[in-house]
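The lines below spell out each chain.
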Amino acid sequence: DAGVTQSPTHLIKTRGQQVTLRCSPKSGHDTVSWYQQALGQGPQFIFQYYEEEERQRGNFPDRFSGHQFPNYSSELNVNALLLGDSALYLCASSSTGVSGYTFGSGTRLTVV
Amino acid sequence: DQQVKQNSPSLSVQEGRISILNCDYTNSMFDYFLWYKKYPAEGPTFLISISSIKDKNEDGRFTVFLNKSAKHLSLHIVPSQPGDSAVYFCAARRPGGSYIPTFGRGTSLIVHP
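What counts and what doesn't
Residues numbered from 1 in each chain as written. Chains lettered and ligands numbered in written order. Predicted model: local features only at pLDDT ≥ 70, side-chain atom pairs only at ≥ 80, totals over all residues. Heavy atoms only, no water. Pairing = 2+ DSSP bridges. Helix = DSSP H or I, 4+ residues; strand = E, 2+ residues; numbered from the N terminus. Core = buried A, V, L, I, M, F, W, Y, C linked by side-chain atoms within 4.5 Å. Buried < 20%, exposed > 50% of the residue type's maximum accessible area, 1.4 Å probe, protein only. Salt bridge = Lys/Arg side-chain N within 4 Å of Asp/Glu carboxyl O.

Undergrad: Which residues make up the sheet that holds strand 8 (residues 72–77) of chain B, and what values do they have?
TA: Read from one edge of the open sheet, 5 strands run 1-3-8-7-6 (chain B), paired in antiparallel fashion. Both outer strands of the open sheet, strand 1 (4–5) and strand 6 (56–59) of chain B, are each paired with one neighbouring strand and no more.

Here is the structure:
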């Protein structure tokens with residue numbers, strides 16, 4: 001049983017570019033949450049998707065947007081990349097009404 | 001505004017001894033607390049949790065203690081093993097249907113053989 005799958009594992013982008021990160025949730029999970037983990041910090045909540053809609057959002061600018069597809073997979077898009085966007089981006093899936101996340105291994109984004 | 005604080009960035013312990021990782025929180029609305037463990041190049045994995053109606057929860061070598069009046073929790077690992085070397089994140093959740101935890105910055109535990 002595959003857990004949460006994220007792609008790509010590593011990515012290097014230039015300032016001002018746009019990036020799309022992808023996440024496939026664990027089988028049976030219908031909710032996807034995205035987190036940003038900067039170096040030396042804990043994971044910071046970006047947003048959560050359920051039923052193809054953004055259900056809740058953390059304190060991140062509109063440059064961060066997302067999408068959830070009918071098969072529950074999700075994308076995180078970041079526009080106009082800044083050096084400060086360099087971080088590990090974690091996807092976590094869960095089932096509605098059930099506590100507990102399953103995290104993916106993350107995508108390491110480096111902005112140069 | 002750090003609502004969940006892990007003030008020790010690192011902890012070094014000898015194999016077989018007790019490891020104690022501490023966590024403080026500021027939001028009295030939190031009612032559920034979790035510990036996650038993270039190895040390099042992997043995502044965090046759930047370790048143990050505790051509800052605010054309890055003051056202790058034990059699972060094998062891992063015990064979490066909660067002191068609500070002090071807004072403090074701790075994770076005890078006894079005995080510590082080299083495989084426990086990882087970053088440990090404390091997280092806390094408010095009541096509600098979204099189950100979105102707020103994480104601390106983590107404590108890097110190194111267990112020496």
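Undergrad: Explain the nonpolar core residue by residue, including any values.
TA: Grouped together as the largest cluster of nonpolar side chains are 23 residues, with contacts concentrated most on Phe 33, Trp 35, Leu 73, Leu 75 and Tyr 88 of chain B. Of the residues forming this core, the biggest block, 4 residues, is contributed by strand 9 (residues 86–93) of chain B. Membership of the second largest hydrophobic core comes to 20 residues, among which are Leu 11, Tyr 49, Tyr 89 and Leu 109 of chain A.

Undergrad: Give a detailed account of the pattern of salt bridges, specifying residues and quantitative values.
TA: Counted according to the given criterion, the structure contains 5 salt bridges over all chains. With its nearest N and O atoms 3.4 Å apart, the salt bridge here joins Glu 75 of chain A to Arg 22 of chain A. Taken together, the residues span a long stretch of sequence, with Glu 75 of chain A in strand 8 (residues 74–78) and Arg 22 of chain A in strand 3 (residues 19–24) at a distance of 53 residues. Residue Glu 75 of chain A is classed as buried on the basis of its relative accessible area of 17%. Two residues, Lys 56 of chain B and Glu 58 of chain B, come together in a salt bridge whose shortest N-O distance is 4.0 Å. For Lys 56 of chain B, a relative accessible area of 42% puts it in the partly exposed group. Note on Glu 58 of chain B: relative accessible area 53%, which makes it exposed.

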